[in-house]
Amino acid sequence: MCSESGLLPGCLLSVPQPQLSPAAWPRASSRLSKSQGRGAGLSQPTLVRWFTSAGSRGSAATGRLHLLQRSWKRERAGERRAAMGPLLYYALPALGGYILLSIFFLRRPRLLHAPRAPTFCPRLAAHRGGSGERLESTMEAMENSMAQRADLLELDCQLTRDGVVVVSHDENLSRQSGLNRDVGSLDFEDLPLYKEKLEVYFSPGHFAQGSDRHMVRLEDVFQRFPKTPMSVEVKAENEELIQKIAGLARRFERSEITIWASEKSSIMKKCKAANPEMPRSFTMNRGLWVLLLYYLGLLPFVPIPERFFLCFLPTIINRTYFPFSCSGLNQLAAVVCKWAIMRRSLIRHLEERGVQVLFWCLNDESDFETAFSLGATGVITDYPTALRRYLDNHGPRAPAS
């Protein structure tokens, strides 16, 4: 049997032990001493003996302990709420103020950033020189696009073995000519002719033909269209290629109307170093970074050195653009990208800060309508005649509101 003054080991095993944290013992002592009419708090051993003493007190003490534990939990919850009070008092107004300030400057970016006047405004940009109506990247395709008053020629460049910069989308010539050789493994004079017809990449099942099947030097393009803005995309980290493009832009005095374009930030860094006077477009990583800043509300407060945002229109995914081999992934990408990118407030903000937005590669009138209704500067297309017809029929648009 247990007594008030001591405990037997059997009693400790038979009676449930109180589970109290060290910090809870003083409060239990204080409560228990008050309930027993004592002036001073009880020690931990005394509390244990009291809660585990024999007889009728055992079950009553256990119940008392459970009540005390619930009371202490309520007190601790109250203390936490009291501690959170000052935090919420200051944090919520600060967060609300930040959101309002971000929205304010998102709509009025010129209050923080000096507006940059564009050197040119490309409404109609010909993809690969206009690859839907003539063979891609040929002089004939570019002549046809210029006949439709194209504002920009979009080109890709490669370097031959003898150091000539040629206009070619692919490094390997198999798709374009049927010869399984890289451009860099051949001299310019040995480059093969294009096939008689080529499938239009963003219009599956449609083919382009033309009488001109020759690959062309970038130098010849610059000489033929000296005042026409061009976007030159570099796909490989080829230092010699980058330096030669930069030198050609200087030689023909067209640095301000020749755009550096690349998906990779490492390549763009070299392009900037080679000719910083040439405007730059966003790389893939930089484009994702801008989207993140936009949704965090930080975009109005961050400088943007790029001048062009060349972005695919999400509505063409799984229709004319298939970034993944799985149709399910393409459908998911279409939904996510449409939600993330197609924001009038984002496009308007970029435009007002001197960043021109061009959507690629659009070949249907419905896509033209979607792009311009979002406030885009222009459209990159394989069919310059179709886009010219659309622009002439619809006239100039007001900026998106």
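As shown above, the structure is provided for reference.
Let us look at the structure shown here. (Residues numbered from 1 in each chain as written. Predicted model: local features only at pLDDT ≥ 70, side-chain atom pairs only at ≥ 80, totals over all residues. Heavy atoms only, no water.)

**Notes on the layout of surface pockets**
Going by this rule: Here a cavity means grid points, on a 1 Å grid over the protein atoms only, where a 1.4 Å probe fits yet cannot get out; a pocket means an open set of points with protein on both sides within 12 Å along at least five of seven lines; lining residues are those with an atom within 4 Å of a point. Grid points are joined across faces, edges and corners, and a volume is the space filled by probe spheres set on the points. We count a stretch as a helix when DSSP gives it H or I for four or more residues in a row; a strand needs E for two or more, and each element gets its number in order from the N terminus. For this classification, the nonpolar set comprises Ala, Val, Leu, Ile, Met, Phe, Trp, Tyr, Cys and Pro, the charged set comprises Asp, Glu, Lys and Arg, and every other residue, Gly included, is treated as polar.
When its volume is computed, the largest pocket comes out at roughly 910 Å³. What lines the largest pocket is a set of 32 residues, among which Glu263, Met284, Leu310, Phe312 and Trp360 lie closest to the centre. Going through the elements one at a time, strand S2 (152–159), strand S7 (230–234), helix H10 (284–296), strand S9 (308–312) and helix H11 (327–341) are the ones with two or more residues in the lining of the largest pocket. Here the lining of the largest pocket is built from residues that sort into 18 nonpolar, 7 polar and 7 charged.

**Brief notes about the packing of helix H8 (residues 239–251) against helix H9 (residues 265–274)**
The angle between the axes and the distance between the axes are what describe a pair of packed helices. Selection criterion: In this analysis an axis means a line fitted to C-alpha atoms, helices contributing only their contacting stretch, and an angle means the value between N-to-C directions, from 0 to 180 degrees. Any angle that falls under 35 degrees is termed roughly parallel, while one over 145 is termed roughly antiparallel, one within 65 to 115 roughly perpendicular, and all others oblique. Each crossing is labelled by how the near helix is turned from the far one, with a counterclockwise turn of less than a right angle marking it left-handed and a clockwise turn marking it right-handed. Contact criterion: two residues are considered in contact whenever any of their non-hydrogen atoms come within 4.5 Å of each other.
Contact geometry for H8 and H9: axes closest at 9 Å, N-to-C directions at 40°. In terms of orientation, H8 lies oblique with respect to H9. For the pair H8 and H9, the sense of crossing is right-handed. Residue-level contacts link Glu239, Ile242, Gln243, Ala246 and Arg250 of H8 to Ile267, Lys270, Cys271 and Ala274 of H9. Among the residues making up the contact of H8 with H9, the classes are represented as 5 nonpolar, 1 polar and 3 charged.

**Some details on the pairing of strand S8 (residues 258–261)**
Threshold: Working definition: with a 1.4 Å probe on protein chains only, accessible area under 20% of the residue-type maximum means buried, over 50% means exposed, and in between means partly exposed. For two strands to count as paired, DSSP must find a minimum of two bridges between them. Look down the strands so they point away from you; if going from the first strand over the helix to the second traces a clockwise path, that crossover is right-handed.
Here S8 shows no split at all, with Thr258 and Trp260 on one side and Ile259 and Ala261 on the other all buried. Of the strand pairs in this sheet, S7 and S8 are connected by 4 bridges, and their pairing is parallel. What sits directly across from Met230, in S8, is Thr258. Where the polypeptide runs from S7 across H8 and back to S8, its parallel neighbour, the crossover connection is right-handed.

**Topic: a nonpolar patch on the surface**
Put simply, the rule reads: Each patch is built from salt-bridge-free residues with over 30% relative accessible area, joining like charges within 9 Å and nonpolar side chains (Val, Leu, Ile, Met, Phe, Trp, Tyr) within 5 Å. Per-residue and other accessible areas follow the Shrake-Rupley method at a 1.4 Å probe size, with only the shown protein chains counted as cover for residues. We count a salt bridge whenever a side-chain nitrogen from Lys or Arg sits within 4 Å of a carboxyl oxygen from Asp or Glu.
There is a patch of nonpolar side chains on the surface, built from Leu101, Phe104, Leu111, Leu112, Trp289, Leu292, Leu296, Leu298 and Phe301 and spanning about 800 Å² of accessible area. Secondary-structure elements contributing two or more residues to the nonpolar patch are helix H4 (57–107) and H10. By residue number, the principal contributor to the nonpolar patch is H10, which donates 3 residues. Here Leu112 is to be found in the loop between H4 and strand S1 (124–127).

**Notes on the side chain of Gln158**
This is how it is decided: Each polar contact in these results corresponds to two N or O atoms within 3.5 Å; when the atoms are within protein, one needs to be able to donate a hydrogen and the other to accept it, and residues that are neighboring in sequence are counted only if both atoms are side-chain atoms.
Within the fold, Gln158 resides in strand S2. Overall, Gln158 belongs to the buried group, its relative accessible area being 6%. There is a polar contact of 3.3 Å between the side chain of Gln158 and the backbone oxygen of His169.

By themselves these figures say nothing about function.
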